[in-house]
Amino acid sequence: MGPLAEAKQPVNEDEVAGLLAAASAGDEAAWRDIIARYSKRVFALAKSRCQRTDLAEEVTQSVFATVAMKLGSGGYSERGRFESWLFRVAMNRIRDEMRRLKRHADPTDPAVLGGSRAAPESGVGVDEATLAKLRVAMEQLPDADREIVELRHHGQMSFREMSEMLGEPLGTLLARHHRALKKLKQLMGEEGEDES
Amino acid sequence: MNSIDEGGAMKTPDELKNVEATLDALGEAERQSAPARLAQGVFLASYSKLRGPVEAPVVRVRRLNWAGLGLKVAAAVALTGVAVGLWTLSGGNRTSGGSGVVQVALSHGLEDDVDFLLDLRSSADDLAVLGERIDTLYLDATSVRDSLSAEPGSLMLGDTSL
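Caption draft 1: Just the overall build of chain A, in detail. Helix and strand counts for chain A come out as nine helices and zero strands. Along its sequence from the N terminus, chain A presents helices and strands in the succession α-α-α-α-α-α-α-α-α. Evaluated residue by residue, chain A yields a buried proportion of 41% over its 196 residues. Restricting to contacts in chain A with at least 6 residues of sequence separation, those with at least 24 account for 62%.

Have a look at this one:
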């Protein structure tokens, strides 16, 4: 992963387990800590798919509500693999929301039209036009490959975590990621050629 | 091909490093685009679920019997399938005249049912496969509906008038 993604806090599973135990017992500060660590990553995953801030926010709230319910009811049994579990819940919720969106798609919605969203400054050292081009290219990836890319770059998951979450061998995920990068490079190149 | 070091990290080939860096930037941009209220909103929506009874509208989710939820969702999917089948066999929207109104009403019901099923499924992350079945069911139902709408004069099932 590039330098930007290295800002992710290193995961200390014992520390996370302690926070989860405290949160399950009603410790407000511990739950806020969990939210602070993970909510933006879940939000980015959702935003990448639905391209709507309000919906991504709603999905993020729903994911944490589900996680809290499981924790509160003692239904969380994947000690040491919280991140994989959280993102599995998130991906399921996002898939459902996309199903709903597809069925209720409004053809005048900018998110449906694609590429017509407002283009604010990205603030991440890459111009917004390039990011927009990449978003369009990602739409053309097969779902399974896109999922790997989003979990890796938006959710900041390691390949090992993804392997646990998806039940796929590490090598398979690396190959799919590699293939997705090549496809994205090709798609972005083609689009650039079309514009010229 | 990517290689893996001892820590499981990927070594990206040089020709793909640009794309990877742009993806990192896109991910960072999406994270940064989170509204400032995100954490507080998430907290308000979730903290009460950690303990004690919760308020509507999530009470329905809270009261679900987790052990039986899979069966309930599966039963709901099956019932919807049966309902769609019965509706199709009984002529669906093939009645002419005021059929437009009837069709709208049926479509609306189908949309609501599918939304309800997805809500149920969303509350149980171990039921992902049912999402696919709900999708398939919905697509089957709408394709039957659309084909019947497109050919209002077409033969009905079992029609032997020819």
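From this point on, the discussion continues.
Caption draft 2: A look at unusual backbone geometry. Residue and element names in this part refer to chain A. You will see that Gln51, though not glycine, has its phi angle at about 60°, which is positive. If you trace the backbone, Gln51 turns up in the loop between α2 (28-50) and α3 (53-72). When the 20 C-beta atoms within 10 Å are taken as the criterion, Gln51 is described as buried. Even without being a glycine, Gln156 presents a positive backbone phi close to 55°.

Caption draft 3: Region of the structure containing the confidence of the model for chain A. Residue and element names in this part refer to chain A. Averaged over all residues, the pLDDT of chain A is 82; the fraction at 70 or higher stands at 79%. Mean pLDDT in chain A bottoms out at helix α5 (residues 110-113), which sits at 47, and peaks at α2, which reaches 95. Here residues 2-6 scores under 50 on pLDDT; set against residues more than four positions off or in separate chains, the count is twelve contacts.

Caption draft 4: How the structure looks around the interface of chain B and chain A. Of the residues lining the interface, 49 residues belong to chain B; the matching set on chain A comes to 62 residues. Sorting the residues of the side of chain B that touches chain A by element identifies α1 (17-32), α2 (38-46), α5 (99-122) and α6 (128-150) of chain B as the ones contributing at least two each. The class makeup of the residues in the side of chain B that touches chain A is 25 nonpolar, eleven polar and 13 charged.

Caption draft 5: Spotlight on the confidence of the model for chain B. Residue and element names in this part refer to chain B. Looking at chain B as a whole, the pLDDT averages 67, with 48% of positions reaching at least 70. Predicted confidence in chain B is weakest over helix α3 (residues 59-62), with a mean pLDDT of 44, and strongest over α2, with 95. Here residues 94-106 is modelled with pLDDT under 50, and outside its nearest four sequence neighbours on either side it reaches eleven contacts, counting other chains as well. Under a pLDDT of 50 for its full length, residues 154-162 has, in the predicted model, three contacts with residues more than four places off or in other chains. In the model output, the complex is listed with pTM 0.65 alongside ipTM 0.81.

Caption draft 6: Molecular detail of the packing of α2 of chain A against α2 of chain B. Here α2 of chain A crosses α2 of chain B at 115°, and the two axes come no closer than 9 Å. In terms of crossing hand, the pair formed by α2 of chain A and α2 of chain B is right-handed. For the pair formed by α2 of chain A and α2 of chain B, the contact residues are Trp31, Arg32, Ile35, Ala36, Ser39, Lys40 and Phe43 of chain A on the first element and Leu38, Ala39, Val42 and Phe43 of chain B on the second.

Caption draft 7: Spatial organisation of helix α8 (residues 159-166) of chain A. In terms of burial, α8 of chain A is largely enclosed, as six of its eight residues are buried. Downstream of α8 of chain A by a residue or two, Gly167 of chain A has a phi angle that is positive, lying close to 70°.

Caption draft 8: Just the nonpolar core, in detail. If you look at the biggest cluster of nonpolar residues, it comprises 57 residues, and the most contacted ones within it are Ala68, Ala90 and Met162 of chain A. Ignoring any residue separated from it by four or fewer positions in sequence, one finds Ala90 of chain A in contact with Val42, Leu45 and Val63 of chain A.

Caption draft 9: Region of the structure containing the packing of helix α6 (residues 128-139) of chain A against α1 of chain B. Where α6 of chain A contacts α1 of chain B, the two axes come as close as 10 Å, and the packing angle between them is 95°. In terms of their interaxial angle, α6 of chain A and α1 of chain B are classed as roughly perpendicular. Contacts from Thr130, Leu131 and Leu134 of chain A in α6 of chain A reach Thr22, Leu23, Ala25, Leu26 and Ala29 of chain B in α1 of chain B. A class-by-class count of the residues in the contact of α6 of chain A with α1 of chain B yields six nonpolar, two polar and no charged.

What counts, and where the lines are drawn
- The residue numbers shown here count from 1 along each chain, following its written sequence.
- To label them, take the chains in the order written and letter them from A, then take the ligands in the order written and number them from 1.
- Restriction of local features to residues with pLDDT of at least 70 applies here, the model being predicted, together with a cutoff of 80 or more for giving and counting side-chain atom pairs; totals for whole chains, interfaces and linings are based on all residues.
- Each helix corresponds to a stretch of at least 4 residues labelled H or I by DSSP, and each strand to a stretch of at least 2 residues labelled E; elements are numbered beginning at the N terminus.
- Working definition of burial: number of other C-beta atoms within 10 Å of the residue's own, with buried at 20 or more, exposed at 12 or fewer, and partly exposed in between, all C-beta atoms being placed from the backbone.
- By definition, residue pairs are in contact when their C-beta atoms, positioned from the backbone, come within 7 Å.
- You can read pLDDT as the predictor saying how much it trusts each residue, on a scale of 0 to 100.
- Under this grouping Gly is polar, as are all residues other than the nonpolar Ala, Val, Leu, Ile, Met, Phe, Trp, Tyr, Cys and Pro and the charged Asp, Glu, Lys and Arg.
- As a rule, the C-alpha atoms of each element are fitted with a line to give its axis, helices using only the stretch in contact, and angles between N-to-C directions run from 0 to 180 degrees.
- Each crossing gets its hand from how the near helix is turned against the far one by less than a right angle, where anticlockwise is left-handed and clockwise is right-handed.
- We define a nonpolar core as a collection of buried residues of the types Ala, Val, Leu, Ile, Met, Phe, Trp, Tyr and Cys that are connected via C-beta atoms lying within 7 Å of each other.
- Any angle that is under 35 degrees is reported as roughly parallel, and any over 145 degrees as roughly antiparallel; angles of 65 to 115 degrees are reported as roughly perpendicular and all others as oblique.

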